[in-house]
Amino acid sequence: MLRAIADGDRSAFRAFYGRWGGRLLAILRQLSRGDARAEDVLQEVLVAVWRRAASYDPVRGDVGGWLYVICRNRWFDHARRQAREVALETGDASQPEDSIDECPELGLDLEQALRRLPPEKRRAVHLAFFGGLTHEEAASRLGVPLGTLKSRIRLGLLDLAKALQDDYS
Amino acid sequence: MSSADSPPPMLHPPAEALDALADGTLSPVERALLEAHLAHCPLCRRRATPAETIGGRQLATVAPVAPPDDLLDQVLARLDATPSDPLADWPVPPAARDEIDLDRPLDWQSLSTDCRFAELAADDLDQVLYLVETEPEAVMPRHRHLGGERLVVLQGALDDPWGPMMLGDYRHYPAGTDHAPVMGTGVSCVGLILVRGGLEFF
């Protein structure tokens, strides 16, 4: 489908949208904590898919991973632009909770794998990866230096990816 | 350039940079440079990052949310309204062009009679992305990297004391280093360079 989109096939693009549009919006709603701007960013994600479809290489992995990365990068670009324009409010009720006791947005396998991480890595991954906070925001929230937070995220994601691969192998 | 029988090994970005490409923390100019390398490097493309693995799983299992009825029409209208891409005639890979999203003609500046550059975009970290073209066998004017420079070759080749660079190669020149690279033969050398803190020519 992406090969056809890369060739400029609008009907393939419509089929792609039918298959992935709702899932992409769900992910953006999670990252944006329900913010209506998620729909604006979805438009940017879809334009990016149209423009860079030729760059997708199935050897790299499935389409979902490729799409998720576009989604995530577009969301944080948007969040950074917003942060420059509007001072971030602290203590906002829409901020993600530190606890993962209630994570209905994650699939069961992801939630279980996340629960198995050590607490420090789990909180870092939960806030900065699934919760949509920037690394700077998450470091401030957890009271740790930025470098420490990045290290915890990197190691936590490695543990999480390995756990998921083990579960499915 | 090197006359060795076998080409030197390809030069790659560090694994941490490729992981960061997928975690949402890099600026568009940083991503553009890495995407330019990935387009030419099957080895790095093959290395799925943890963020892709986890994110792909999340996307596959999440419950869809119905977008507004007119969202697709709005996107299609944006595609129709997109102006022609000023980088379309340059060997900049699609994913890198998407990150740059240039909406004005290239503004070329000459460094010498056989070397020119055009600023493409910048970020909040005082990093500026340039497209650079230097004629075959020319020597780029010697310059010092005040805050460091990262380079990906998009066409042709070059050589300097750090070694030769070919199509798709990536190299980081730390702050304070200087060089006057010599271009390869045949075609002009075209590259993307990401400069932090400016360059000093002498």
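Above this text is the structure in question.
Keep in mind that this is a model prediction, so the values were computed, not measured.

Visitor: How should the overall build of chain B be read in this particular structure?
Guide: A count of helices and strands for chain B gives six helices and 11 strands. A buried classification covers 50% of the 202 residues belonging to chain B. Long-range contacts, defined here as pairs at least 24 residues apart, represent 67% of the contacts in chain B between residues at least 6 apart. With an accessible surface of roughly 8900 Å², chain B has 52% of that area assigned to carbon and sulfur atoms. Of the charged side chains in chain B, 14 are positive and 32 negative; the average position of the first set lies 5 Å away from that of the second.

Visitor: I'm lost on the overall build of chain A in this one. Help?
Guide: When its secondary structure is counted, chain A shows eight helices and zero strands. In sequence order, chain A lays out its α and β elements as α-α-α-α-α-α-α-α. Within chain A, residue pairs in contact and separated by at least 24 positions form 62% of the contacts whose partners lie at least 6 positions apart. For chain A, the exposed surface amounts to about 8000 Å²; the carbon and sulfur share of it is 49%.

Visitor: Before we go on, may I ask you to explain the sheet that holds strand 4 (residues 143-145) of chain B in this structure?
Guide: The strands making up a sheet are joined through hydrogen bonds of the backbone, oriented either antiparallel or parallel. Residue and element names in this part refer to chain B. Strands sit in the order 8-4-11 across an open sheet of three strands; the sheet is antiparallel. The sheet terminates laterally at strand 8 (178-179) and strand 11 (199-201), the two strands that pair on one side only. One ladder, built from three bridges, connects strand 4 with strand 11; its direction is antiparallel. In the strand pairing of strand 11, Arg-144 is matched with Glu-200.

Visitor: Explanation requested: the packing of aromatic side chains in the structure shown.
Guide: Ring pairs (aromatic) are described by centroid distance and by the angle formed between their planes. Counted by the stated rule, this structure contains eight aromatic pairs over all chains. With centroids separated by 5.5 Å and ring planes inclined at 65 degrees, the aromatic side chains of Tyr56(A) and Trp66(A) adopt a geometry described as edge-to-face. With a gap of 10 residues between them, Tyr56(A) in the loop between helix 3 (37-52) and helix 4 (63-85) and Trp66(A) in helix 4 connect regions that are remote in the sequence. Exposure class is identical for Tyr56(A) and Trp66(A). Each is buried. Ring centres of Phe117(B) and Tyr130(B) lie 5.5 Å apart, and the angle between their planes is 80 degrees; on these two criteria the pair is classed as edge-to-face. You can see Phe117(B) sitting in strand 2 (residues 115-122) and its partner Tyr130(B) sitting in strand 3 (residues 127-134), a full 13 residues away along the chain. By relative accessible area, Phe117(B) is classed as partly exposed at 21%. By the ring-pair criterion, three or more aromatic residues cluster together here, those being Phe13(A), Phe16(A) and Trp50(A).

Visitor: In this structure, what is going on with helix 2 (residues 10-31) of chain A? I would like to understand it.
Guide: Think of an α-helix as 3.6 residues a turn; residues three or four steps apart then line up on the same face. At Trp20(A), helix 2 of chain A shows its largest kink, close to 50 degrees. Phi turns positive, to about 55 degrees, at Arg33(A), one or two residues after helix 2 of chain A.

Visitor: How should the packing of helix 3 of chain A against helix 5 (residues 71-81) of chain B be read in this particular structure?
Guide: Between two packed helices, the angle of one axis relative to the other and the distance separating the axes together describe the packing. Remark: helix 3 of chain A packs on helix 5 of chain B, axes separated minimally by 10 Å, with the N-to-C direction vectors making an angle of 50 degrees. Considering the angle they form, helix 3 of chain A stands oblique to helix 5 of chain B. In the packing of helix 3 of chain A onto helix 5 of chain B, the handedness of the crossing is right-handed. Residues Glu39(A), Leu42(A), Gln43(A), Glu44(A), Leu46(A), Val47(A) and Trp50(A) of helix 3 of chain A lie in contact with helix 5 of chain B, whose contacting residues are Leu71(B), Gln74(B), Val75(B), Arg78(B) and Leu79(B). Looking at the contact of helix 3 of chain A with helix 5 of chain B, its residues break down into seven nonpolar, two polar and three charged.

Visitor: Could you clarify how one ought to interpret the pattern of salt bridges in this entry?
Guide: It is possible for side chains bearing opposite charge to pair when their charged atoms get close. Going through the model one piece at a time under the given rule, you end up with 20 salt bridges over all chains. A salt bridge links Asp77(A) to Arg31(B), with the nearest nitrogen and oxygen atoms 2.6 Å apart. Linking Asp77(A) in helix 4 with Arg31(B) in helix 2 (residues 28-38), this pair reaches from one chain into another. The same class applies to Asp77(A) and to Arg31(B), which are both buried. Notably, a salt bridge pairs Glu120(A) with Arg152(A), separated by 3.6 Å at the nearest N-O pair. Taken together, the residues Glu120(A) in helix 6 (residues 119-130) and Arg152(A) in helix 8 (residues 146-168) connect sequence positions 32 residues apart. Here the salt bridges share partners, and the residues they tie into one network are Arg51(A), Arg52(A), Arg74(A), Asp77(A), Arg31(B), Glu35(B), Asp98(B) and Glu99(B).

About the criteria used
Residues numbered from 1 in each chain as written. Chains lettered and ligands numbered in written order. Predicted model: local features only at pLDDT ≥ 70, side-chain atom pairs only at ≥ 80, totals over all residues. Heavy atoms only, no water. Helix = DSSP H or I, 4+ residues; strand = E, 2+ residues; numbered from the N terminus. Buried < 20%, exposed > 50% of the residue type's maximum accessible area, 1.4 Å probe, protein only. Contact = heavy atoms within 4.5 Å. Areas by Shrake-Rupley, 256 points an atom, 1.4 Å probe, with all protein chains shown as cover. Lys, Arg positive; Asp, Glu negative; His and termini not counted. Charge placed at Lys NZ, Arg CZ, Asp CG, Glu CD. Pairing = 2+ DSSP bridges. Phe/Tyr/Trp six-rings, centres within 6.5 Å; stacked < 30°, edge-to-face > 60°. Bend = angle between axes of the 7 residues up to and from the residue. Axes fitted to C-alpha atoms, helices over the stretch in contact; angles between N-to-C directions. Parallel < 35°, antiparallel > 145°, perpendicular 65-115°, else oblique. Left-handed = near helix turned anticlockwise from the far one by under 90°. Nonpolar A, V, L, I, M, F, W, Y, C, P; charged D, E, K, R; others polar. Salt bridge = Lys/Arg side-chain N within 4 Å of Asp/Glu carboxyl O.

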